[in-house]
Each structure stands twice: as C-alpha cells, then as structure tokens.
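# Results of the structural survey
Spelled out, the chains give:
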Amino acid sequence: MTTLNTSLVDPELLRTFAFWGSILCLKVVAVVALTGRLRFKKQIFINTDDVEYFKKGKVVYTDPDIERNLQRAYKRIQQ
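Residues numbered from 1 in each chain as written. Predicted model: local features only at pLDDT ≥ 70, side-chain atom pairs only at ≥ 80, totals over all residues. Heavy atoms only, no water.

## Considerations on the overall build of the protein
- When helices and strands are counted, the protein shows 3 helices and 2 strands.
- Listed N to C, the secondary structure of the protein is α-β-α-β-α in terms of helices and strands.
- Per-residue burial over the protein gives 14% buried out of 79 residues.
- Long-range contacts, defined as pairs at least 24 residues apart, comprise 33% of the intrachain contacts of the protein with a sequence gap of at least 6.
- Per element, the accessible surface of the protein, about 7,000 Å² overall, is 63% carbon and sulfur. (Helix = DSSP H or I, 4+ residues; strand = E, 2+ residues; numbered from the N terminus. Buried < 20%, exposed > 50% of the residue type's maximum accessible area, 1.4 Å probe, protein only. Contact = heavy atoms within 4.5 Å. Areas by Shrake-Rupley, 256 points an atom, 1.4 Å probe, with all protein chains shown as cover.)

Structural data, given as structure tokens:
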C-alpha cells in the first residue's frame with residue numbers, strides 16, 4: 001500500500017486550494033441555476049427538444065437579458 005508523501009505538499013496550501021476550488025464550483029453551480037431559472041421564466045430555450053417537451057416557448061440563442069446576466073457572472077468569476 002502506498003502512502004502520500006506529505007513533504008511534497010504543504011497541508012495549509014492544499015487546504016487553501018480546496019477551499020477556493022470549492023467556492024469556485026459553488027459559483028459555477030449558482031450561475032447555472034440562475035440561468036436556468038431565467039430561461040424558464042422567459043420561456044426561452046436553447047434546445048428544440050425542450051420546447052417540444054414544455055409545449056411553450058421558443059428557441060433563442062442570443063437573448064439580451066440572459067447574455068447580459070451570463071457576462072456579468074463570468075466577469076465576477078474571473079475576478
């Protein structure tokens with residue numbers, strides 16, 4: 001059985017990396033959830049199968065409200 005050589009990895013550095021990595025993952029999940037909520041609210045879908053399933057809505061690839069919210073969110077993620 002192999003063991004992890006702790007002299008190669010500083011535990012504090014690993015803890016910090018794990019913390020900020022999890023924060024980034026949570027932000028990405030939040031962006032997905034908010035974008036989905038906005039798409040359902042406006043009945044604008046990106047896939048024709050979704051329009052057929054929900055019997056309402058339309059397929060739009062570039063809605064100004066959704067694009068603006070996504071651009072804001074990704075700029076905040078990059079900061």
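## Remarks on the confidence of the model for the protein
- In the predicted model, the protein carries a mean pLDDT of 80, and 85% of its residues have values of at least 70.
- Mean pLDDT across the secondary structure elements of the protein bottoms out at helix α3 (residues 64–78), with 73, and peaks at helix α1 (residues 11–42), with 89. (pLDDT = per-residue confidence, 0-100.)

## Thoughts on the nonpolar core
- Judged by nonpolar contacts, Val-31, Leu-38, Ile-44, Ile-66, Leu-70 and Ala-73 together constitute the single largest core of 6 residues.
- Secondary structure elements with two or more residues in this core: α1 and α3.
- With 3 residues, α3 is the largest single contributor of residues to this core. (Core = buried A, V, L, I, M, F, W, Y, C linked by side-chain atoms within 4.5 Å.)

## Description of the pattern of salt bridges
- Inspection of the entire model under this criterion finds 1 salt bridge.
- Arg-15 is the partner of Glu-12 in a salt bridge, and the nearest nitrogen-oxygen pair spans 2.7 Å. With Glu-12 and Arg-15 both in helix α1 and 3 residues apart, the pair spans about one turn of that helix.
- Residue class for Glu-12 comes out partly exposed when judged on its relative accessible area of 46%.
- When its relative accessible area of 51% is taken as the criterion, Arg-15 is described as exposed. (Salt bridge = Lys/Arg side-chain N within 4 Å of Asp/Glu carboxyl O.)

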